[in-house]
Amino acid sequence: MQASPDRPGWTRPLCLRVHPDPVLRQACHPVERFDSWLADVLEEMRVLMRVHQGIGLAGPQAGIAQRLFVAKIQRRSLCLINPTITARDGSDLMTEGCLSLPDVQVDVQRPWRIEVQGFDARGRRRAYCVEGLWARVMQHEIDHLDGVLICDKAYQNT
């Protein structure tokens, strides 16, 4: 692997990080530079996600402790950088899996609809109002950016 001289801690090619890799528990730092290096890393993350048959992949899952993720559901894909959830509505219980926790399935209670703000790969502000599976995937990936895994959110009916 080759380390990046201008982005400490970033090594390429990217590889999927699996629990208990410590990067999965780190709170990620905001992305500050929107450049060709970032665009290349996001594309590598998309490829890594497809290879592992996922629908979302956050920076730490690729060994990058930065606030970014990629996702693709059916034919719609996006990347979101420095995401923030600005509104939540409803509630839904669903079983989730995670590429970084192979063979683990956990029931997770999450808001059904969310509003999210962040930036695209070129640094342009983006806002989304999503529901259902898109809301769940975005929340799951944002949890990764905070060092939270699905096993931490296991639903307990009390």
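Everything numeric here is computed off the predicted structure, so don't read it as measured data.

## Regarding the packing of aromatic side chains
Summed over all chains, the structure comprises 1 aromatic pair. Look at Phe 34 and Phe 119: their rings are 5.9 Å apart centre to centre, the planes differ by 55°, and that puts the pair in the tilted class. One end of the pair, Phe 34, is in the loop between strand S2 (11–12) and helix H1 (36–51); the other, Phe 119, is in strand S8 (residues 113–119), and 85 residues separate them in sequence. Residue placement shows Arg 76 over the ring face of Trp 134; its charged tip is 4.9 Å from the ring centre.

## What to know about the sheet that holds strand S5 (residues 76–89)
Note: strands within a sheet are paired through backbone hydrogen bonds, in either parallel or antiparallel orientation. Taking strand neighbours across the sheet as the criterion, the 5 strands line up as S3-S4-S5-S8-S9 in an open arrangement whose pairing is antiparallel. Looking at strand neighbours, the two that pair on one side only are strand S3 (56–58) and strand S9 (125–131), the edges of this open sheet. Mean inter-strand twist for the sheet, computed between neighbouring axes without regard to direction, equals 40°.

## Description of helix H2 (residues 133–145)
Relative to the 18 Å expected for 13 residues at 1.5 Å per residue, H2 spans 19 Å between its end C-alpha atoms, a close match to the ideal helical length. All of the buried residues in H2 are Trp 134, Ala 135, Arg 136, Val 137, Met 138, Gln 139, His 140, Glu 141, Ile 142, Asp 143, His 144 and Leu 145. Trailing H2 by a residue or two, Gly 147 shows a phi angle of about 80°, which is positive.

## Some thoughts on the pattern of salt bridges
A full pass over the atoms with the stated rule returns 15 salt bridges. Note that Arg 110 and Glu 96 form a salt bridge whose closest N and O atoms lie 2.6 Å from each other. With a gap of 14 residues between them, Arg 110 in strand S7 (residues 101–110) and Glu 96 in strand S6 (residues 92–98) connect regions that are remote in the sequence. Of the two residues, Arg 110 and Glu 96, neither departs from the other in class, the shared state being buried. Notably, a salt bridge pairs Lys 153 with Asp 143, separated by 3.8 Å at the nearest N-O pair. Pair noted here: Lys 153 is in the segment after H2 and Asp 143 is in helix H2, with a separation of 10 residues, a long-range link. Bridged by salt links that share partners, the residues Asp 92, Glu 96, Arg 110, Arg 136, Asp 143 and Lys 153 form one connected network.

The rules behind the values
Residues numbered from 1 in each chain as written. Predicted model: local features only at pLDDT ≥ 70, side-chain atom pairs only at ≥ 80, totals over all residues. Heavy atoms only, no water. Phe/Tyr/Trp six-rings, centres within 6.5 Å; stacked < 30°, edge-to-face > 60°. Helix = DSSP H or I, 4+ residues; strand = E, 2+ residues; numbered from the N terminus. Lys NZ or Arg CZ within 6 Å of the ring centre and 35° of its normal. Pairing = 2+ DSSP bridges. Axes fitted to C-alpha atoms, helices over the stretch in contact; angles between N-to-C directions. Expected span 1.5 Å × (residues − 1). Buried < 20%, exposed > 50% of the residue type's maximum accessible area, 1.4 Å probe, protein only. Salt bridge = Lys/Arg side-chain N within 4 Å of Asp/Glu carboxyl O.

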